[in-house]
Amino acid sequence: MNTRTRYCRVAGWLLVLTLGCVHLVDDAWAADGEVYTHKLSQSTTAYDFWTTTPSEKVFKDSPVPSAVGDEVKVYIAQNETEPFQIVIRASTSGSVVVSFSGFGGGISTEIHQVKYVNLTQTTDYLGRTGLNPDPLWPIDDGATVGVTANENTVLWFSVFAPSGTPTGDYLADVTIDGVEIPVRLHIFDFAIPEEVHVRSQMNFSYQTILTRYGVTGTGANYWFYVDKIKQYLIDHRLTPKAVLWPGGLTTSGAAPFIDYDCSGTFTDPYGIWGFVDP
């Protein structure tokens, strides 16, 4: 057997082994992989219910998935917030009542309805103009939500599991117009640390939010919104680009929150300074 023949046979066997390994990996992936975007088996003639991952933007005309599943699956660590989506596609316009049973065990859940903003130019990789899903509008448990025929109405649930929550599976139900949709939450046996160890930078404008909600001046209502914004960033481990505003020094218009006139007069109407008078 010459060297070339020996080399070709070895190469051939390596190719067979490689293809075999790829096939085994594909089989293992198919066996272990879970489908997170699917139509829910609780759908009725009046409503198609479906779910997808939180990273998926659901437009009003996004199609109902062809895959079918019987529950929503959520995985979360302790001291972590993780959302899930449930989409309603109604056959006729009207309204539905939305309620949530809760997981128990100190696990909290907030309910939001996904709202839409009209984009006149493309702003992301999807390249879509028109109505884009973005704002999350808080709703109460048991709230009535309007639905439009043949359009998606999206519900967003934010789940938080505090540190020390026992690991394991927790079950709850989302009830929409009397239809119960099971949600299975699995909590891992580790906790996310309180300290943020991942660098991030979120570009957004405090002033845009405050203006949108008609907040003016720097009174109690102003600080209520500012504290809510900051707490949201803390809860979701986000670092804003402008970390010092409004951090107690100036407003967006550079008007001082605290003031010292160099003649001995120190003004701190909001108690921001936190130290003894200079």
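Residues numbered from 1 in each chain as written. Predicted model: local features only at pLDDT ≥ 70, side-chain atom pairs only at ≥ 80, totals over all residues. Heavy atoms only, no water.

### Let's talk about the side chain of Gln113
And then number 1: Within the secondary structure, Gln113 sits in strand β7 (residues 108-119).
And then number 2: Once residues lying within four places of it in the same chain are set aside, the contact partners of Gln113 are Pro135, Leu136, Trp137, Ile139, Val145, Gly146, Thr153 and Val154. (Helix = DSSP H or I, 4+ residues; strand = E, 2+ residues; numbered from the N terminus. Contact = heavy atoms within 4.5 Å.)

### Details of a nonpolar patch on the surface
And then number 1: On the surface, a cluster of nonpolar side chains totalling about 350 Å² of accessible area is made up of Tyr36, Tyr75, Phe188 and Phe190.
And then number 2: Mapping Tyr36 onto the fold places it in the loop between α1 (3-32) and β1 (38-40).
And then number 3: A relative accessible area of 32% places Tyr36 in the partly exposed class. (Patch = residues over 30% accessible without salt bridge, like charges linked within 9 Å, V, L, I, M, F, W, Y side chains within 5 Å. Areas by Shrake-Rupley, 256 points an atom, 1.4 Å probe, with all protein chains shown as cover. Salt bridge = Lys/Arg side-chain N within 4 Å of Asp/Glu carboxyl O. Buried < 20%, exposed > 50% of the residue type's maximum accessible area, 1.4 Å probe, protein only.)

### Re the nonpolar core
When a protein is soluble and globular, its nonpolar side chains tend to lie buried together.
And then number 1: Among the nonpolar cores identified, the biggest contains 33 residues, and Phe84, Phe103, Phe157, Ile176 and Leu185 are the most heavily contacted of them.
And then number 2: For this core, the secondary-structure elements that each account for two or more residues are β2 (47-52), β4 (72-78), β5 (80-90), β6 (94-100), β9 (143-147), β10 (152-161), β11 (168-176) and β12 (179-191).
And then number 3: Broken down by element, this core gets its largest block of residues, 5 residues, from β12.
And then number 4: Once residues within four sequence positions are removed from consideration, Phe84 is found in contact with Val72, Val74, Phe100, Leu155, Trp156, Phe157, Val159, Val174 and Val183.
And then number 5: Core analysis: the next-biggest nonpolar cluster, separate from the first, contains 7 residues, Trp50, Val114, Tyr116 and Val154 among them. (Core = buried A, V, L, I, M, F, W, Y, C linked by side-chain atoms within 4.5 Å.)

### Quick notes on the sheet that holds β4
And then number 1: Pairing is mixed in the open sheet, where 5 strands are placed in the order β4-β12-β11-β6-β9. Every other strand in the sheet has two partners, leaving β4 and β9 as the edge strands with one partner each. Between one strand axis and the next, the sheet turns by 30° as a mean value, whatever way the strands run.
And then number 2: Looking at chain direction, β6 and β9 are connected through 5 bridges and run antiparallel. Each bridged residue has a counterpart across the sheet, and for Gly94 the counterpart in β9 is Val147. (Pairing = 2+ DSSP bridges. Axes fitted to C-alpha atoms, helices over the stretch in contact; angles between N-to-C directions.)

### Examining the pattern of salt bridges
And then number 1: Applying the stated criterion across every chain yields a total of 6 salt bridges.
And then number 2: The shortest N-O distance in the salt bridge between Lys39 and Asp48 comes to 3.4 Å.
And then number 3: Under the relative-accessibility criterion, Asp48 is labelled partly exposed at 22%.
And then number 4: Here Lys60 and Glu151 are joined by a salt bridge, their closest N and O atoms 3.8 Å apart.

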